[in-house]
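Listed below are the residues making up each chain.
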Amino acid sequence: SSSSTGLYSPRDPLEVLAAGTLERSIFNSSSAWVVEFYASWCGHCVRFAPTWKELARDLQDWRPAVMLGVLDCAEKSNQKICSDFGITGYPTLKFFKAFSKKPEDGIRLFHHGDDIRSLRESVIATMERHKEVWPPACPPLEPISAAELNGFFQAYGVTYLALIFEKGDSFLGREVTLDMLQYENIAVRRVLKSNEELVRDFNVTAFPSGFLLVNNGSCSIIPVHMNSRALYTDFLRRLPGVFKGNTFSPTMLPSAEPETTTTPWRVADRRKVYMADLESAVLYTLRVEAARFPRLDKERLSALKQYVTLLVKYFPGRVVVMNYLRNLDLWLRPRTNISQNEWEEALRNKPELPYARLPENPLWVGCQGSKPELRGFPCSLWSLFHLLTVQEALLNPHDPSPSEVLPAMRKYVQYFFGCRECAEHFEGMAEESMHKVKHKEGAVLWLWSRHNRVNARLAGSPTDDPRFPKIQWPPQDMCSSCQVIINGRRMWDEREVLRFLKTHFSRGNIYLDFIK
Ligand code: FAD
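Remember, it's a predicted structure, so these values are computed and weren't measured experimentally.

In this section: the sheet that holds strand E8 (residues 186-192). Sheet architecture is open: four strands sit in the order E8-E6-E9-E10, paired in mixed fashion. In the strand order of this sheet, the two ends are held by E8 and strand E10 (219-221), each with one partner. Averaged over all neighbouring strand pairs, the angle between strand axes comes to 20 degrees, with direction disregarded. Where strand E6 (residues 160-166) meets strand E9 (residues 209-214), six bridges bridge the pair, whose relative direction is antiparallel. What sits directly across from tyrosine 160, in E9, is valine 214. Those strands touched by helix H9 (residues 229-237) are E6, E8 and E9, and its axis lies near 15 degrees from that of E9.

So this is what it looks like as structure tokens:
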């Protein structure tokens, strides 16, 4: 028999692994992996191969959260690796949670039968048992609570939320959630039959049943009246505005130093927040500002770790960018001393992680200046930090504890912000009043009002772009209720300002214009 080609071909939607690629693929991967170690000469493996191929087709849209692989232990060049992985019988199915480090991290995938369904359910159950390391690309699979449902759209910025009401032992909701993970603009969550409050609110009598919530407040029954994953998935994928994102595209761009090139004027709407600016701020802080130091250690390193963790928690970025940041965060955590070279290497987009990357060059849209030296990075840094304070407040609506964004931002500015004069001014303001900020909404307003102070100080100065004069922000045409006139004096209504900021810096107001 032709053992060199094995039982699988590159055309199957799974990874055909070998001694040289196994560890590189599954260790430190942001995906969970399920690998079949087989021997092409083993009869049971031959009979099992069609099932494994069908499973791979069945789960192909769960990539990159879960990847399926195969390795032929009968291949001479693979024998050592199979023994390193402790494979003694064929086929052996092993599950490796995301960011596994060594062969022993692989655990046997238990399943009750050799049919697709029991294998699929076993993959989900095993993922959930090892949720301490959740693959970054994998949406939450746990049931939604009434509290989380409240404010879901504000926090997640999607157009649709599909709720699948089901019994605890049903896998439908989780399967549909995974089936939709590559699709933008929609989230899927399960609701358990035991959640009496939500079952009552939605008046649910049959399980499973689905509801479609839209961010404009509408709610309708999903017209699928049976327990069919395929019908639910098909219905959701056809919704207007729901489209397949490029979270799993194996193409790569060559890496290069960040640089700004002269580009045509990009027309921006000042009512919008642009993802291009936010990502450029992230890129610039990491690849330029933090890369200036021959060594990162002590307070400076801890400021950097805090900043990256903050991004992971609150930056509402695209999936590829979030994957990149999560990897970086995990890489940073155990480190106490980083050389410039190590840092640059850690920041490089890796060809083997196509779904975890940062754009190579900054691109300013809302922050584009009328001359290359104007606006750009400082503008985007303000925007990023405003956004983070707002996201923190939106995600923790009832949490009275203090903001973690403000102190982290203070440290960032102190240790990294290249404009040292700006940093000193900012530190002066922080010293004076940051300790008085009580909670997360207070942090939003503190940053807003300090930024306005900076605007007032800089109005008319040489850094003031004539095309974008420094004003007290937001101007009336952006928020008419933000200012009130009391005794002939124009004053801010802080409640209205807060409401405005929460909308302006919400996920729903971030636009992907000009991002390729
Ligand atoms: P920016 O002031 O950068 O604002 C960016 C965007 O944020 C605006 O386009 C607007 O959409 C929005 N915005 C404006 N005001 C507010 C507000 N109050 N709340 C929320 N959003 C708002 N430059 C100096 O010359 N001296 C300094 O001391 C100095 N200190 C700085 C301190 C920090 C922490 C930062 C990040 C920057 C500092 N700068 C300083 C740079 C300066 O503030 C501007 O960022 C830069 O001149 C570019 O201005 P801009 O017109 O693009 O708007």
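What follows picks up the thread again.
Strand order in this open sheet of five strands is E1-E3-E2-E4-E5, and the pairing throughout is mixed. Among the strands making up the open sheet, the edge pair consists of strand E1 (15-17) and strand E5 (107-108). Sheet topology note: the E1/strand E3 (residues 66-72) ladder contains three bridges and is parallel. Residue pairing in the sheet places leucine 17 in a bridge with leucine 71 of E3. Contacting strand E2 (32-38), E3, strand E4 (92-96) and E5, helix H4 (residues 116-129) runs over the sheet at an angle of about 35 degrees to E4.

Within the structure, the ligand sits among 20 residues, and Arg375, Trp382, His425, Trp448 and His451 are positioned closest to it. One nitrogen or oxygen atom from the side chain of arginine 375 is found 2.6 Å from an oxygen atom belonging to the ligand. Out of a free accessible area of 950 Å², the ligand has 91% covered by protein chains. Those elements that place two or more of their residues in the shell around the ligand are helix H14 (377-395), helix H16 (420-433) and helix H17 (440-458). Here the element with the most residues in the shell around the ligand is H17; it accounts for seven residues.

Turning next to the confidence of the model for the protein. The share of residues in the protein with pLDDT of 70 or more is 95%, and the mean pLDDT across the chain is 90. Averaged pLDDT values over the elements of the protein bottom out at 84 in helix H6 (residues 152-156) and peak at 98 in helix H7 (residues 172-179). Predicted confidence for residues 249-261 stays below pLDDT 50, and this span has 20 contacts to residues more than four positions away or in other chains. Overall fold confidence (pTM) sits at 0.58, and the ipTM for the predicted complex is 0.99.

What follows deals with the packing of helix H12 (residues 319-332) against helix H13 (residues 340-347). Between H12 and H13, the shortest axis-to-axis distance is 10 Å and the interhelical angle comes to 150 degrees. Accordingly, the angle class assigned to the pair H12 and H13 is roughly antiparallel. When you trace H12 past H13, the crossing you get is right-handed. Contacts between H12 and H13 involve Tyr324, Leu328, Trp331 and Leu332 from the former and Glu342, Trp343, Ala346 and Leu347 from the latter. Across the contact of H12 with H13, the residue classes tally to seven nonpolar, no polar and one charged.

By secondary structure assignment, the location of glutamate 36 is in strand E2. Buried and without a salt bridge, glutamate 36 has lysine 53 as its closest oppositely charged side chain, separated by 9.4 Å.

Analysis parameters
Residues numbered from 1 in each chain as written. Predicted model: local features only at pLDDT ≥ 70, side-chain atom pairs only at ≥ 80, totals over all residues. Heavy atoms only, no water. Pairing = 2+ DSSP bridges. Helix = DSSP H or I, 4+ residues; strand = E, 2+ residues; numbered from the N terminus. Axes fitted to C-alpha atoms, helices over the stretch in contact; angles between N-to-C directions. Contact = heavy atoms within 4.5 Å. Near = heavy atom within 4 Å. Polar contact = N/O pair within 3.5 Å; in protein donor to acceptor, adjacent residues only side chain to side chain. Areas by Shrake-Rupley, 256 points an atom, 1.4 Å probe, with all protein chains shown as cover. pLDDT = per-residue confidence, 0-100. Parallel < 35°, antiparallel > 145°, perpendicular 65-115°, else oblique. Left-handed = near helix turned anticlockwise from the far one by under 90°. Nonpolar A, V, L, I, M, F, W, Y, C, P; charged D, E, K, R; others polar. Buried < 20%, exposed > 50% of the residue type's maximum accessible area, 1.4 Å probe, protein only. Lys, Arg positive; Asp, Glu negative; His and termini not counted. Salt bridge = Lys/Arg side-chain N within 4 Å of Asp/Glu carboxyl O.

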